[in-house]
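# What the coordinates show
Given next are the chains, with one letter for each unit.
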Amino acid sequence: MDLEKKIQYLYDRAAIQDTITMYSIGQDTHQGDDRNVLEQWRSVFTPDASVDFTVFGIAQCSYQQLAGHLRGDENQKGKMNEAFSKWQHLLGLPKITIQGDEATSRTDLWASHNGHTIKGMPQYSVYAAGVFHDNLIRTDDGWRIKFRRLEMHFTDTVHTVSADRVL
Amino acid sequence: MDLEKKIQYLYDRAAIQDTITMYSIGQDTHQGDDRNVLEQWRSVFTPDASVDFTVFGIAQCSYQQLAGHLRGDENQKGKMNEAFSKWQHLLGLPKITIQGDEATSRTDLWASHNGHTIKGMPQYSVYAAGVFHDNLIRTDDGWRIKFRRLEMHFTDTVHTVSADRVL
Amino acid sequence: MDLEKKIQYLYDRAAIQDTITMYSIGQDTHQGDDRNVLEQWRSVFTPDASVDFTVFGIAQCSYQQLAGHLRGDENQKGKMNEAFSKWQHLLGLPKITIQGDEATSRTDLWASHNGHTIKGMPQYSVYAAGVFHDNLIRTDDGWRIKFRRLEMHFTDTVHTVSADRVL
């Protein structure tokens, strides 16, 4: 590969990583009943992108519909804010492969969630170990995901206890 | 952006990531009562850098004072080694924005801590899901954090049990 | 550093990160009794690479022997599939240092494992917080690990409960 191509490869790779990261930033900037993940996701997905989150019981749908399934609307809560009050979508190292104006990526996800406090019930958190498998394309506005599939290794529900001292 | 600027951008970005990573390496190279985090942090922060860890009940202070609050001194333990014996400060993908000689960064943190074993008490660990928000500047010695704010999504305390078999 | 050297440095750094990432992809692509981690690990290690996983009670050995210790063979299970059914080897930000055709790297690991379900026994998971310390060399086929040492901060075993609702 000549130097110019190496630079373009590295620059594309950094841009793709940022697109993938912005998905998590969208999730985590908007906690609890703040539903506005599309604020970030508009710069993550192509307008017609679809997502496969069937491991969560969500049939393949558009990314806008995914936002609705997870976060709800003005009338009802979504899967996330119905069960959880806080969360984090931490990403491991992505493995990115670029071919011209298309790319694929595989990124580990450690998603942790704080369950709502329910009187008389033990407190709990849910830790989910999964992988995002993405197909991306180069657009005039930058790299965008056109298809995302979530693979899930496992989901752990653990009881938590109140701590007198926190780190 | 021309090729030369792209190279500089990518090189700066890599250097900034390393600066952020070195904070965690400082924390995790020095476990338990080994307090010498400044060995690494001197190359992480500007000499006059300040940090906002008010989510831990630490008023905004210098990075040197933060080291004292967390690790203590020869007379008393700090918040970390008082409660915990081992820890890890694992970082997710950073979102870095560079403008000339200044930069901002947002990096997910999964900080896990092993509580001290106390006779007659259940063993526990604390898992903290947070974000580092950094302002950095380019110095003659490389990129340095001049202000760091820790945002915390939640902190889980969980009981752990002894295992006959380890991974 | 001149521009050409910067490009080569960044390109090498990206390649080294991918080599390290491929180790985890090998582990996680092959879950449970699927033992074929060498499918990926052949492009991770030099043919004569050795690994130090003594923190798991595995004496220093070749990477091929490590695969056997962890995954077993046609006659018996290995340490991983004997105890666990699912796992994830999520990696934090690597700190990579390159000198010519050699490199060293330090990468945080958050390895989570789902224990087998055993009738009458509580369900459990094991979370391991560690660090991979790698020595790499440039080969005709790309960067390869010639020596890997696993450092372990701690290993938590936690009970998990069944969840009516998943994220």
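By convention here, each chain's residues receive numbers from 1 onward along its written sequence. Throughout, the order in which chains and ligands are written sets their labels, letters from A for the former and numbers from 1 for the latter. Local features in a predicted model are, by the rule used here, given only for residues with pLDDT of at least 70; side-chain atom pairs are given and counted only at 80 or more, and totals for whole chains, interfaces and linings are based on all residues.

A few words now on the overall build of chain A. Numbering of helices and strands runs from the N terminus, with a helix taken as a DSSP run of H or I at least four residues long and a strand as a DSSP run of E at least two residues long. Helices and strands together make up the secondary structure of chain A, namely 4 helices and 7 strands. Its helices and strands in sequence order give chain A the pattern α-α-β-β-α-α-β-β-β-β-β, from N to C terminus. In terms of principal-axis extent, the alpha carbons of chain A reach across some 65 × 40 × 25 Å. Partly exposed residues are those falling between the two cut-offs: more than 12 but fewer than 20 other C-beta atoms within 10 Å of their own, whereas 20 or more means buried and 12 or fewer means exposed, with C-beta atoms placed from the backbone. Expressed as a percentage of the 167 residues in chain A, the buried residues total 43%. Long-range contacts, defined as pairs at least 24 residues apart, comprise 54% of the intrachain contacts of chain A with a sequence gap of at least 6. Residue pairs qualify as contacts under a 7 Å threshold applied to their C-beta atoms, which are placed from the backbone.

Taken together, the contacts link 26 residues of chain C with 27 residues of chain B. At the level of secondary structure, the elements contributing two or more residues to the side of chain C that touches chain B comprise helix H1 (3-29), helix H4 (79-83), strand E5 (102-115), strand E6 (124-139) and strand E7 (142-159) of chain C. If one sorts the elements of the side of chain C that touches chain B by residue count, E7(C) sits on top with 7 residues. Among the residues forming the side of chain C that touches chain B, the class breakdown is 14 nonpolar, 6 polar and 6 charged. Classes in brief: Ala, Val, Leu, Ile, Met, Phe, Trp, Tyr, Cys and Pro nonpolar; Asp, Glu, Lys and Arg charged; the others, Gly included, polar.

Copy-to-copy superposition: least squares on the C-alpha atoms, limited to residues that have pLDDT of at least 70 in both copies. You can overlay chain C on chain B at an RMSD of 0.0 Å; the transform is a turn of 120 degrees with a shift of 0.0 Å along its axis. Interpreted geometrically, this transformation is the action of a three-fold axis. Taking C-alpha positions as the reference, the residue of chain C nearest the rotation axis is Gly92(C), at 3.4 Å. Little of the interface of chain C is mirrored in chain B: 15% of its interface residues are interface residues there too.

With 28 residues of chain B at the contact, the number on the chain A side is 27 residues. Among the secondary structure elements, those contributing two or more residues to the side of chain B that touches chain A are helix H1 (3-29), helix H4 (79-83), strand E5 (102-115), strand E6 (124-139) and strand E7 (142-159) of chain B. Ranked by residue count, the leading element in the side of chain B that touches chain A is E7(B), at 7 residues. Within the side of chain B that touches chain A, the residues separate by chemical class into 15 nonpolar, 6 polar and 7 charged.

Moving on, we get to the environment of Cys61(A). Residues and elements named next belong to chain A. Along the chain, Cys61 turns up in strand E2 (residues 58-62). Cys61 sits 47 residues away from Ala14 along the chain, and the two C-alpha atoms are 28 Å apart. With near-sequence residues (within four places) excluded, Cys61 lies in contact with Ser50, Val51 and Leu66.

A few words on the confidence of the model for chain A. Looking at chain A, the pLDDT average stands at 95 and 97% of residues meet or exceed 70. The complex prediction reports pTM at 0.97, with the ipTM value standing at 0.95. A score between 0 and 100, pLDDT records how confident the predictor is in each residue.

Let us look at helix H3 (residues 63-71) of chain C. Residue and element names in this part refer to chain C. Of the positions making up H3, those classed as buried are Tyr63, Leu66, Ala67, Leu70 and Arg71. Around the axis of H3, the buried residues are gathered within 105 degrees of arc, so they sit on the same side. Its buried side turned inward, H3 meets helix H2 (38-41), strand E1 (45-53), strand E2 (58-62) and H4. The reported arc concerns the directions from the helix axis to the C-beta atoms and nothing else.

A word on the pairing of E6(C). Both faces of the sheet carry side chains from a regular strand, because those side chains alternate between them. Residues and elements named next belong to chain C. A pair of strands is labelled paired if DSSP reports no fewer than 2 bridges between them. As defined by bridge partners, E5 adjoins E6 across 13 bridges and the pair is classed as antiparallel. The residue bridging Arg106 from the neighbouring strand is His133, located in E6. In sequence, E6 turns back onto E7 through a hairpin of 2 residues.

Next up on the list: the nonpolar core. Residues Trp110(A), Trp110(B) and Trp110(C) are the most contacted members of the largest nonpolar core, which totals 114 residues. Every residue in contact with Trp110(A), bar those within four places of it in the chain, is listed here: Leu90(A), Ala129(A), Trp110(B), Leu90(C) and Trp110(C). We define a nonpolar core as a collection of buried residues of the types Ala, Val, Leu, Ile, Met, Phe, Trp, Tyr and Cys that are connected via C-beta atoms lying within 7 Å of each other. Core analysis: the next-biggest nonpolar cluster, separate from the first, contains 6 residues, Ile7(A), Leu10(B), Ile7(C) and Leu10(C) among them.

Let's shift gears to the packing of helix H1 (residues 3-29) of chain A against H1(C). At their nearest, the axes of H1(A) and H1(C) sit 10 Å apart, and the two run at 50 degrees to each other. Taken together, the axes of H1(A) and H1(C) are oblique relative to one another. Here the hand of the crossing between H1(A) and H1(C) comes out left-handed. Note on element contacts: H1(C) touches H1(A) through Glu4(C), Ile7(C), Leu10(C), Tyr11(C) and Ala14(C), opposite Leu3(A), Lys6(A), Ile7(A), Leu10(A) and Arg13(A). Among the residues making up the contact of H1(A) with H1(C), the classes are represented as 7 nonpolar, no polar and 3 charged. Helix axes are fitted only over the stretch in contact, all axes being lines through C-alpha atoms; the angle between N-to-C directions runs from 0 to 180 degrees. Oblique is the label for any angle not under 35 degrees, not over 145, and not in the 65 to 115 range, which are roughly parallel, roughly antiparallel and roughly perpendicular in turn. Here is the rule for handedness: rotate from the far helix to the near one, and if that takes an anticlockwise turn smaller than a right angle the crossing is left-handed, while a clockwise turn gives right-handed.

Next up on the list: the environment of Leu90(B). Take Leu90(B): it is sitting in strand E3 (residues 84-91). Residues Leu90(B) and Thr107(B), 17 residues apart in the sequence, show an inter-C-alpha distance of 10 Å. Apart from the residues lying within four places of it in its own chain, the contact partners of Leu90(B) are Trp110(B), Gly92(C), Asp108(C) and Trp110(C).

This next bit is on the environment of Thr54(A). Residue and element names in this part refer to chain A. Within the secondary structure layout, Thr54 lies in the loop between strand E1 (45-53) and E2. Through-space distance from the C-alpha of Thr54 to that of Leu150 is 7.9 Å; in sequence the pair is 96 residues apart. Sequence-distant contacts of Thr54, defined by excluding residues within four places in its chain, comprise Ala59 and Gln60.

All names here are of chain C. Here E1 runs beside E2; their pairing, made up of 3 bridges, is antiparallel. Bridge pairing in E2 places Ser50 opposite Ser62. From the end of E1 to the start of E2, which pair antiparallel, there are 4 residues, and Gly57 there has a positive phi angle of about 75 degrees.

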